[in-house]
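Geometric and topological summary
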Amino acid sequence: MFNHPKFGKIFSLTGIIISILLISFNIMTFPTPPADAGSVDLGPLMGLWGLAVTINILVKYKWIDTKLNAP
């Protein structure tokens, strides 16, 4: 995703940062979920990132379709 022309560095770096933080908070509070342990739960933020990626794919669908069907 980092070198993709329609996603680029913004989507890839934010995804990496959110996922590293998500895993870190989950490991620090294991076996209790982060929200129950009084920590930050980044699961919804990761879900919003996934939604943004999905919306970007739908917006760029015509470009993707022409690239996939190019001879």
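The following paragraphs examine the structure supplied in this document. (Residues numbered from 1 in each chain as written. Predicted model: local features only at pLDDT ≥ 70, side-chain atom pairs only at ≥ 80, totals over all residues. Heavy atoms only, no water.)

1. Comments concerning the overall build of the protein
Where we set the bar: Each helix is a run of H or I in the DSSP string that is no shorter than four residues. Each strand is a run of E no shorter than two, and both are numbered from the N terminus. The reference for a compact globule is 2.2 Å times residues^0.38; the radius of gyration itself is calculated from the C-alpha atoms. Summary of the burial criterion: residues with accessible area below 20% of their type's maximum are buried, those above 50% are exposed, and those between are partly exposed, where the area comes from a 1.4 Å probe applied to protein chains only. In this description, accessible areas are obtained by the Shrake-Rupley approach with a 1.4 Å probe, and a residue is regarded as covered only by the protein chains that are shown.
Within the protein, the secondary structure is distributed over 3 helices and 0 strands. Across the protein, helices and strands are ordered from the amino to the carboxyl terminus as α-α-α. On C-alpha atoms alone, the protein measures out to a radius of gyration of 16 Å, which is more than a quarter above the 11 Å that the 2.2 N^0.38 rule sets for 71 residues. Projected onto its principal axes, the C-alpha coordinates of the protein cover approximately 55 × 20 × 15 Å. Among the 71 residues that make up the protein, the fraction classed as buried is 17%. If you sum the accessible surface of the protein, you get close to 5300 Å²; carbon and sulfur atoms cover 72% of it.

2. Quick notes on unusual backbone geometry
At the junction of Phe-30 and Pro-31, the peptide bond is cis and its omega measures out at 5° in the coordinates. On the secondary structure map, Pro-31 appears in the loop between helix H1 (8-28) and helix H2 (43-59).

3. Description of the packing of aromatic side chains
Stated precisely, the cut-off is as follows: Any Phe, Tyr or Trp ring, taking Trp's six-membered ring, that has another such ring centre within 6.5 Å forms a pair; planes under 30 degrees apart are called stacked, those over 60 apart edge-to-face, and the others tilted.
For the structure on display, the rule yields 1 aromatic pair. Plain terms: the ring middles of Phe-7 and Phe-11 are 5.8 Å apart, the flat faces sit at 85° to each other, and that makes the pair edge-to-face. Like Phe-11, Phe-7 is buried.

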